[in-house]
Amino acid sequence: QVQLVESGGGLVQPGGSLRLSCAASGSIFSINAMGWYRQAPGKQRELVATITGGGSTNYADSVKGRFTISRDNAKNTIYLQMNSLKPEDTAVYYCNADIVSAYPFKKNSYWGQGTQVTVSS
């Protein structure tokens with residue numbers, strides 16, 4: 001069984017920073033793309049940032065220059081460094097990963113349980 005576990009959310013003032021982590025565990029053969037998505041109340045889930053196994057990144061226009069996604073392949077973990085946070089960044093942040101599980105070998109898209117980020121004074 002494969003699991004994604006996020007951590008690092010919380011309450012921060014506008015202009016502040018937070019760092020989210022997402023660790024994949026379980027019967028994993030390989031991990032392809034990983035990423036962060038977010039969902040604010042009353043809105044659809046949206047892409048924040050993605051990173052490939054080779055380290056290529058993609059960001060939503062709304063977070064470019066403020067957020068940085070990174071990856072530690074040895075730990076099956078990705079990070080999201082969020083700087084200059086704004087109230088509109090308030091949302092539940094979800095980790096996503098395309099994982100090939102082992103025994104049996106099967107590719108699936110997995111989601112974490114989500115972590116709340118609240119930006120407010």
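From a predicted model like this one, the values you see are computed outputs, not experimental measurements. (Residues numbered from 1 in each chain as written. Predicted model: local features only at pLDDT ≥ 70, side-chain atom pairs only at ≥ 80, totals over all residues. Heavy atoms only, no water.)

Colleague: Could you give an account of unusual backbone geometry, naming the residues involved and the relevant values?
Modeller: Tyrosine 103 connects to proline 104 through a cis peptide bond whose omega is 10°. Checked against the element boundaries, proline 104 lands in the loop between strand S9 (91-101) and strand S10 (106-111). Its identity as a non-glycine residue notwithstanding, serine 84 has a phi of 50°, on the positive side. Within the secondary structure, serine 84 is located in the loop between strand S8 (77-82) and S9. For serine 84, a relative accessible area of 41% corresponds to the partly exposed category. With phi around 55°, tyrosine 103 is a residue other than glycine that occupies positive phi space. When you line up the elements, tyrosine 103 lands in the loop between S9 and S10. The exposure class of tyrosine 103 is exposed, given its relative accessible area of 71%. (Helix = DSSP H or I, 4+ residues; strand = E, 2+ residues; numbered from the N terminus. Buried < 20%, exposed > 50% of the residue type's maximum accessible area, 1.4 Å probe, protein only.)

Colleague: Lay out the sheet that holds strand S3 (residues 18-26) with the relevant residues and their values.
Modeller: Taken together, four strands build an open sheet; the order of strands is S1-S3-S8-S7 and the sheet is antiparallel. Looking at strand neighbours, the two that pair on one side only are strand S1 (2-7) and strand S7 (67-72), the edges of this open sheet. When the angles between neighbouring strand axes are averaged without regard to direction, this sheet yields 15°. One ladder, built from six bridges, connects S1 with S3; its direction is antiparallel. Bridge pairing in S3 links valine 2 to glycine 26. (Pairing = 2+ DSSP bridges. Axes fitted to C-alpha atoms, helices over the stretch in contact; angles between N-to-C directions.)

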